Structure formats: C-alpha cells, structure tokens
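Listed here are the chains, written in short residue letters.
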Amino acid sequence: MTHRVDDMPLPVWLPESGTGPGIVLIQEIFGLDGYLRGIAEKLAALGYVVAVPELFHRFQPGWVGEHDEAGIQKSMEVVGKLDFPLAVQDVVASVAYLRGLPEVTGGVGVLGFCLGGTLAYAAAAGSDPDTAVSFYGSGVPDQIATLDQVSCPILFHFGTEDSFITGYQKVADAVAAHEGAEIALEPAGHAFLNHLAPWYDEEAAGRAWDRTAEFLKRTLPA
C-alpha cells in the first residue's frame, strides 16, 4: 500500500504478522525497481514494516532506471538533480511517519544502498533512527567526521574492489574509535548486493545479507 508524507509517495510493506519494528529502505539511483522491491519483501519477511520514500518525487516522479550502461548514465543524470539536504529531510520525515503508524511496534531503523547508503548515514548523523545500515555509500568517507553525532548502532558495508569509492579505510579507522559502529568489507566491487546490476557478487552478497539480518536482529529485534 502507498502512504504519503506531504507530497511524497511512501509505499509500505507489512510483515505477515501485520505489525513489527519499522525500516525506512532508501533507494539506489535506479528508484523503486525490482531489486529494491525484492529487498523490501525480504525485510518484511524478517518481520519488519518497510517504507520506501520516493526521493525523486519533486523532479522525476515514479523514476525507475535500467541497469545497463545507458540506464546507469540516465540514472546518474536524474540523481544529479537531487537536493541532498532535502533528501535527508525526506528520509527523516519517513522515519517519523513510520513511528506514528499503528502497525509499527518497536523502533524504526534506516537501511540504504549506494545513494541510499549515504542518505542512511546522513540521517543517522542528523536525526535519531534506532539503528542504521549503510551499503557502499559513496558520500560516506567524505562525511565520516560526523560519526560522533551518530547515537544509534550503525553497520557499514563496502567492497574493497569498489572503483567508485576509494575512502573506505577512512570509514574503517573512524568505526574503530566509535562505540556501536561496525564495518564489513567484502572483496567485491560496487553495488555487489544488487543481482540486477553488472557488479553483483553472489558470495559477497550472501555474506553481507546474513550479516545485515543478524545486525538487525541484535539492534532492532522483530
């Protein structure tokens, strides 16, 4: 079912029980595509109420990009129009909205991939989700000085062969000095969890998903 936060569509998936803790799931540059819908379903199957804010609603509503070279190029053009601070506000507003839903029992976390990984981190630094998972956010290394503002548990995932992100070691160093922060490094490229993308790595994806499910079970039990 699709809810709305101000003018922003917010599709919501419910677990089989109908209630559970909330997770705001934050998109890659491809929008709410088949991959992201699949992740929402997997999280709902773990017992979570999942909401996906439509971050491009102001300028490219309903955007879904293809995962081939032309689609990636077009998606990069679309994301170039994104006002990052406004997108962080959209994520924070989605967290607040989920907290107010009767179906949400317990806390609300944020989890994002790529663009969404950067936004999940920024939302954790700038507001109060109950837990956060950031997958290969390209903006995270440059923003990692704000890690001391993150008060919730946070898990970072990076691929050590990621040609788009060179600063994961900066994140690892900051995590080592911050209680409640964890980092998982996989010998893989960018977007290794996305089975529709050219960088998919099945083994790395399996390990990262298992680690994420275990982290959520510890920090936001369903």
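Just so it is clear, the structure is predicted and the values come from calculations on it, not from any experiment. (Residues numbered from 1 in each chain as written. Predicted model: local features only at pLDDT ≥ 70, side-chain atom pairs only at ≥ 80, totals over all residues. Heavy atoms only, no water.)

K.L.:
Any chance you could break down the pairing of strand S6 (residues 132-135) for me, citing the residues and the numbers?
P.N.:
Because side chains alternate across S6, one face comprises the buried residues Ala132 and Ser134, and the other comprises Val133 and Phe135, equally buried. Direction of pairing for strand S5 (residues 104-113) relative to S6: parallel, over a ladder of four bridges. Each residue of the ladder has a partner; that of Gly112, found in S6, is Ser134. For the crossover that starts at S5, traverses helix H4 (residues 115-126) and ends in the parallel S6, the hand is right-handed. Relative to strand S7 (residues 154-159), S6 runs parallel, the two sharing four bridges. Within S7, the position partnered with Ser134 by the bridge is Phe156. (Buried < 20%, exposed > 50% of the residue type's maximum accessible area, 1.4 Å probe, protein only. Helix = DSSP H or I, 4+ residues; strand = E, 2+ residues; numbered from the N terminus. Pairing = 2+ DSSP bridges. Right-handed = clockwise from strand over helix to strand, strands pointing away.)

K.L.:
Can you break down the pattern of salt bridges residue by residue, with the values?
P.N.:
Inspection of the entire model under this criterion finds eight salt bridges. A salt bridge links Arg58 to Asp90; its shortest N-O distance comes to 2.8 Å. Remark: Asp90 occurs in helix H3 (residues 84-100) and Arg58 occurs in the loop between strand S4 (49-51) and helix H2 (69-79); sequence separation between them is 32 residues. For Arg58, a relative accessible area of 43% puts it in the partly exposed group. Put simply, Arg218 and Glu182 hold a salt bridge, and the shortest N to O gap is 3.0 Å. One end of the pair, Arg218, is in helix H7 (residues 202-219); the other, Glu182, is in strand S8 (residues 181-186), with 36 residues separating them in the sequence. Judged by its relative accessible area of 45%, Arg218 falls in the partly exposed class. Salt bridges here are not isolated pairs; linked through shared partners, they connect Arg99, Asp128 and Asp130. (Salt bridge = Lys/Arg side-chain N within 4 Å of Asp/Glu carboxyl O.)

K.L.:
Run through unusual backbone geometry, naming residues and quoting values.
P.N.:
Its identity is not glycine, yet Asp6 carries a phi of approximately 55°, on the positive side. The topology assignment puts Asp6 in the loop between strand S1 (2-5) and strand S2 (8-13). Asp6 sits in the exposed class, given a relative accessible area of 74%.

K.L.:
Residues and numbers for the nonpolar core, please.
P.N.:
Counting 79 residues, the largest nonpolar core has Leu25, Phe113, Tyr136, Phe156 and Leu193 as its most contacted members. No other element matches the eight residues that H4 contributes to this core. (Core = buried A, V, L, I, M, F, W, Y, C linked by side-chain atoms within 4.5 Å.)

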